[in-house]
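# Structural overview
For reference, the chains in residue letters:
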Amino acid sequence: MSARKKANRNEFEQVALPHLDVMYGVGYRLTRNRGDAEDLVQDALVRAYRFWHTFQRDSNCKAWLLKILTNTFLNSYQKHKRGREVLAAAAAEQQATDGVLLQERSRAQQDPEGALLDKMVSDDVASALESLPPDFRIAVVLCDLEGLSYKEIADAMDCPVGTVMSRLYRGRRLLQKQLYGYAVERGIVKANDVEDDNMINLSDYRK
Amino acid sequence: MALTCNDVQKFVHPYLDGEFTEAERGELDYHVAECDQCRTYVSHERGFKVRLRDKLALPPAPADLRSRITLALNEEDAANDEQPSRWQHALPITSIVAAAAAIALFVAFPNGRTLELHDTAGVDVDPTVFVDNHPAPVEVTGPIQRVSKELEHQVGVPVRPLQVSTKQNVHFTGARINRLSGFDRVARLEYEFDNRGKQQQLTVQVFDASQRRNIKATHRRRIAGLDVYFASRRGYSFAYFEDNAVGYVFTSDVDIETLAELVRSELTHR
């Protein structure tokens, strides 16, 4: 190996590889499978190495790597699922904004999702996260689990900061809704009375 | 203009995510301090964020992933030495996937024998078909002698337990029958061995060599009177050889030298 290539490799190892744990964490949350996460991270890092000469030295390396990781994920690991998820995302956006805002305050007062989280097993929480459409999931993972700034997330997801904010907002709302649903299923909370009132009772009609 | 409760609701996320400057926070801080309802709301949202992170905390990347990445980068460097101009031009990110898929392993058999193993479609079997990241549960465990009898029955060729020296402390962990594309039935035996103090996995796949396809390899070595073909890809090393019409593929996430040592140990103890 030439001295120049050796220097290139050394630089990659010193600047990019320290982000391996973050990449693995994000990869695991995206794929929810250790084998897939390892493959994904490895593919993304090899790609990053090939395109290391295009990396702007004064920019944020973590965001650059995560962009490659999320693109790799969306392009290859998701290919077969993609069409279905786009549809699901459209439906989910609709649901996420329907009526949730109105109840939000009262629900937050009586039954904070945070407290619900304490009672739930990690597996349920991971499932709820997994149920989010990929764009929402990526935004929530990068912000809440990895602590990236909105600007870093925007760089990684190649979208404006405003889009990051709306994905985060909707992603979190959907997640809370999903968790609430699990909590009802598990008997951790009772289904809210308001919902019961809204149920159509056929016997009332037949009276 | 003073902030309203609606403003708090609207901006609670960027507020908690640390997106506001000190000056921008001032008004929100003031409102939240004064308004019980908003204070409760903000603290619930903060609690959600904190607990979510706790619930989904992850261990760091596994050590064998690190070593596999080092190997994969070595392969990249080696591939670049062969074709120095290959990656000189930047490609748009969207073409990376296609480009990666198009890279074929360099095929070279020094003696000109190309293991004439083309399948009907003319597509070479990628050594990575022998890697399975979603191993089905082990079907059989127990004493290797009994297990190998069961496997022999299913694959129709002798399945001998590894004979490697005890130095590497190789032990059998389980086996199953695999159905790989291009192959009828393959006996898959899982072992663990000690590689300089590190516990690593070795997979030995055994099959009827008449059903082999083109195994792409980067080099060939003569070990104990047999031609052994080696390749490495995506951080895994592969060794392929045939012994009495039985095909063997050894796969492990160690470097080729270490794998060659295991193969040598196996073949000299047979």
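What you see is a predicted model; the values in this text were computed from it and never measured. Every chain is numbered on its own, with residues counted from 1 as its sequence reads. Just so you know, chain letters begin at A and ligand numbers begin at 1, following the order they were written in. This being a predicted model, a pLDDT of at least 70 is required before a residue's local features are given, and a value of 80 or more before pairs of side-chain atoms are given or counted; all residues contribute to the totals for chains, interfaces and linings. Side-chain metrics rest on all non-hydrogen atoms present in the structure, leaving aside hydrogens and water.

### A word on the overall build of chain A
By the criteria applied, helices consist of DSSP H or I runs no shorter than four residues and strands consist of E runs no shorter than two, each listed in order from the N terminus. Per the secondary structure count, chain A includes 13 helices and zero strands. Listed N to C, the secondary structure of chain A is α-α-α-α-α-α-α-α-α-α-α-α-α in terms of helices and strands. In chain A, the proportion of contacts linking residues at least 24 apart, taken out of those at least 6 apart, comes to 68%. Accessibility throughout is a Shrake-Rupley quantity obtained with a 1.4 Å probe, and a residue counts as covered only by protein chains that appear here. Of the roughly 10000 Å² of accessible surface on chain A, a fraction of 50% belongs to carbon and sulfur atoms. Any pair of residues with heavy atoms lying within 4.5 Å of one another is described as a contacting pair.

### Notes on the overall build of chain B
Assigned secondary structure in chain B consists of seven helices and seven strands. Walking chain B from its N terminus toward its C terminus, one meets helices and strands in the order α-α-α-α-α-α-β-β-β-β-β-β-β-α. Pairs at least 24 residues apart make up 60% of the contacts formed inside chain B by residues separated by at least 6 positions.

### Brief notes about the packing of aromatic side chains
The geometry of two aromatic rings is summed up by the distance between their centres and the angle between their planes. Note on ring pairs: Phe, Tyr and Trp rings are taken, using the six-membered ring of Trp, and paired if centres are within 6.5 Å. Classes follow the plane angle, with under 30 degrees stacked, over 60 edge-to-face and the rest tilted. One pass over the structure, following the stated rule, counts eleven aromatic pairs over all chains. Relative to phenylalanine 55 of chain A, the ring of tryptophan 52 of chain A has its centre 5.0 Å away and its plane inclined at 10°; by these criteria the two rings are stacked. Taking the centre distance of 6.3 Å and the plane angle of 20° together, the rings of phenylalanine 207 of chain B and tyrosine 240 of chain B count as stacked. Of the two residues, phenylalanine 207 of chain B sits in strand E3 (residues 198-208) while tyrosine 240 of chain B sits in strand E6 (residues 236-243), which places them 33 residues apart along the sequence. As far as the burial class goes, phenylalanine 207 of chain B and tyrosine 240 of chain B line up, both buried. Clustering of aromatic rings is evident, with ring pairs tying together Phe12, Tyr49, Trp52, Phe55 and Trp64 of chain A. Whether a charge lies above a ring is judged from NZ of Lys or CZ of Arg, which has to be within 6 Å of the ring centre and within 35 degrees of the ring normal. For the cation-ring pair, arginine 34 of chain A lies above tyrosine 28 of chain A, with the distance from its terminal atom to the ring centre recorded as 5.0 Å. Residue placement shows arginine 173 of chain A over the ring face of tyrosine 169 of chain A; its charged tip is 5.1 Å from the ring centre. Per-residue accessibility, obtained with a 1.4 Å probe over protein chains only, is compared with the maximum for each type, and a residue is labelled buried under 20%, exposed over 50%, and partly exposed between these values.

### Describing the sheet that holds E6 of chain B
Residue and element names in this part refer to chain B. For two strands to pair, DSSP has to find at least two bridges joining them. Strands sit in the order E1-E2-E3-E7-E6-E5-E4 across an open sheet of seven strands; the sheet is antiparallel. Edge strands, defined here as strands with exactly one partner in the open sheet, are strand E1 (171-178) and strand E4 (219-223). Between one strand axis and the next, the sheet turns through 25° on average, direction left out of account. Here E1 pairs with strand E2 (residues 186-195) via seven bridges, running antiparallel. Residue pairing for E2: asparagine 178 is matched across the bridge by valine 186. Sheet strands touched by helix H7 (residues 256-269): E2, E3, E4, strand E5 (226-233), E6 and strand E7 (246-252). Its angle to E4, the strand with the most contacts, is close to 30°. Helix axes use the C-alpha atoms of the stretch in contact, all axes being lines fitted to C-alpha atoms, and the angles between their N-to-C directions lie in the range 0 to 180 degrees.

### Here we look at unusual backbone geometry
The backbone of aspartate 158 of chain A shows a phi angle near 55°, a positive value even though the residue is not glycine. One can find aspartate 158 of chain A in the loop between helix H10 (150-157) and helix H11 (161-185). Within the chain, alanine 224 of chain B stands out as a residue other than glycine whose phi angle is a positive 50°.

### Focus: the pairing of E5 of chain B
Residue and element names in this part refer to chain B. With eight of its eight residues buried, E5 lies for the most part within the structure. The alternating pattern of E5 places Leu226, Val228, Phe230 and Ser232 on one face and Asp227, Tyr229, Ala231 and Arg233 on the opposite face, and all of these are buried. Examined bridge by bridge, E4 and E5 share five bridges and lie antiparallel to one another. Bridge pairing links arginine 221 to valine 228 in E5. The hairpin turn running from E4 into E5, its antiparallel successor, is two residues long, and alanine 224 in that turn takes a positive phi close to 50°.

### A few points about the packing of H11 of chain A against helix H3 (residues 36-55) of chain B
Where H11 of chain A meets H3 of chain B, the closest approach of the two axes is 13 Å, and the angle between their N-to-C directions is 80°. Comparing the axis directions of H11 of chain A and H3 of chain B gives the class roughly perpendicular. Facing Arg172, Arg173, Leu175, Gln176 and Leu179 of chain A of H11 of chain A, the residues of H3 of chain B in contact are Tyr41, Glu45, Phe48, Lys49 and Leu52 of chain B. Just so you know the grouping, Ala, Val, Leu, Ile, Met, Phe, Trp, Tyr, Cys and Pro go in nonpolar, Asp, Glu, Lys and Arg go in charged, and all remaining residues, Gly too, go in polar. For the contact of H11 of chain A with H3 of chain B, the per-class residue count stands at five nonpolar, one polar and four charged. Angles below 35 degrees are treated as roughly parallel, those above 145 as roughly antiparallel, those between 65 and 115 as roughly perpendicular, and all remaining angles as oblique.

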